[in-house]
Amino acid sequence: MKEIIKLAEAGDSWAMYEYANYLRNVENKWETALVWFEKAADLGYDVAQFEVGCTYKYGWHVEKDYKKAVTYFNLAIEQGNKSAMFELGGLYELGYGVEKNMEKAKELYQKYKAVLDDIQAAKDMLNDKDMEEYAKEEIMAPKKETARERKLREKEKRRKRVI
């Protein structure tokens, strides 16, 4: 942990996030953890932005502040954080921190669902028996020798016999 603290104090956003997790989950120092989460978030670390958004949305050891939650979720989405889409969708659906907008909520939920569908499709592909067969036939099977490669191999074989 000393190395992570040193990196966090030097300005490493990942280390700030990890240190904040340690403070919150091990030391139970939620307020201090939030300071470090916010520092990492301000440096553009999307996971920290998401975490700060959740902290304000759910009021984890702070007063709920939906407007701050919206701000941090939007920042996280700009960085590519998919989970923030779901959380922000909920705020639009309920009109917390933003004007209620079912179309915007639906759009965010659909984007989030598309990510989940992609993940599931990848898992299905990995578990699919056809993929297993493909892997055996195409990836694991020995490469078929071309006519040119065969001629070169035979030529090399003859050369070795002469030597």
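Because the structure is predicted, anything quoted here is derived from the model rather than measured.

S.K.: I would appreciate a short explanation of a positive patch on the surface in the present structure.
M.R.: Together, K155, K157, R158 and R161 make up a positively charged patch on the protein surface. Note on placement: R158 falls in helix α9 (residues 147-162).

S.K.: Looking at this structure, I do not really get the nonpolar core. What am I missing?
M.R.: Within soluble globular proteins, side chains that are nonpolar tend to cluster in buried spots. With 32 residues, the main nonpolar core has W36, V52, F73 and L88 as its most contacted residues. Within the residue set of this core, elements represented by two or more residues are α1 (2-9), α2 (13-25), α3 (30-42), α4 (46-58), α5 (66-78), α6 (83-94) and α7 (102-127). Leaving out residues up to four positions away in the same chain, L88 has contacts with V70, F73, N74, I77 and L108.

S.K.: Would you mind going over the side chain of T55 with me for this structure?
M.R.: By secondary structure assignment, the location of T55 is in helix α4. A residue is classified by how much of its surface remains accessible, and T55, at 5% relative accessible area, is buried. Side-chain polar atoms of T55 contact the backbone oxygen of E51, separated by 2.8 Å. Here T55 is in contact with L34, W60 and V62, once residues within four sequence places are set aside.

S.K.: Hey, could you run me through α2 in this one?
M.R.: Across its 13 residues, α2 extends 18 Å between first and last C-alpha, which sits within 8% of the 18 Å expected from 1.5 Å per residue. Within the span of α2, buried status applies to A15, M16, Y17, Y19, A20, N21, L23 and R24. Taken together, the buried residues of α2 touch α1, α3 and α4. Its side-chain oxygen at 3.0 Å from the backbone nitrogen of W14, D12 defines the N-terminal cap of α2.

S.K.: Could you clarify how one ought to interpret the packing of α4 against α6 in this entry?
M.R.: Helices that pack against each other are described as a pair by the angle of their axes relative to one another and the distance between those axes. Contact pair α4 / α6: the axes reach a minimum separation of 10 Å and the direction vectors enclose 25°. The angle between α4 and α6 falls in the class roughly parallel. For the crossing formed where α4 meets α6, the hand is left-handed. Facing α4, whose interface residues are F50, C54, K57 and Y58, α6 presents S83, A84, E87, G90 and L91. Tallied by class, the residues present in the contact of α4 with α6 amount to five nonpolar, two polar and two charged.

S.K.: What's the story with the side chain of N81 in this structure? I'm lost.
M.R.: Structurally, the position occupied by N81 is in the loop between α5 and α6. Side-chain polar atoms of N81 contact the backbone nitrogen of S83, separated by 3.1 Å. Looking at N81, its side chain comes within polar contact range of the main-chain nitrogen of A84, at 3.0 Å. Every residue in contact with N81, bar those within four places of it in the chain, is listed here: D46, V47, F50 and A76.

S.K.: Could you clarify how one ought to interpret unusual backbone geometry in this entry?
M.R.: Trans is the common state for peptide bonds, and a negative phi is the common state for residues other than glycine. Here the phi dihedral of N28 falls at roughly 60°; this positive angle occurs in a residue that is not glycine. Within the secondary structure, N28 sits in the loop between α2 and α3. Even without being a glycine, H61 presents a positive backbone phi close to 65°. As for its position among the elements, H61 is in the loop between α4 and α5. Classification of H61 by relative accessible area gives partly exposed; the value is 49%.

Criteria and thresholds
- Residues numbered from 1 in each chain as written.
- Predicted model: local features only at pLDDT ≥ 70, side-chain atom pairs only at ≥ 80, totals over all residues.
- Heavy atoms only, no water.
- Patch = residues over 30% accessible without salt bridge, like charges linked within 9 Å, V, L, I, M, F, W, Y side chains within 5 Å.
- Areas by Shrake-Rupley, 256 points an atom, 1.4 Å probe, with all protein chains shown as cover.
- Salt bridge = Lys/Arg side-chain N within 4 Å of Asp/Glu carboxyl O.
- Lys, Arg positive; Asp, Glu negative; His and termini not counted.
- Charge placed at Lys NZ, Arg CZ, Asp CG, Glu CD.
- Helix = DSSP H or I, 4+ residues; strand = E, 2+ residues; numbered from the N terminus.
- Core = buried A, V, L, I, M, F, W, Y, C linked by side-chain atoms within 4.5 Å.
- Buried < 20%, exposed > 50% of the residue type's maximum accessible area, 1.4 Å probe, protein only.
- Contact = heavy atoms within 4.5 Å.
- Polar contact = N/O pair within 3.5 Å; in protein donor to acceptor, adjacent residues only side chain to side chain.
- Expected span 1.5 Å × (residues − 1).
- Axes fitted to C-alpha atoms, helices over the stretch in contact; angles between N-to-C directions.
- Parallel < 35°, antiparallel > 145°, perpendicular 65-115°, else oblique.
- Left-handed = near helix turned anticlockwise from the far one by under 90°.
- Nonpolar A, V, L, I, M, F, W, Y, C, P; charged D, E, K, R; others polar.

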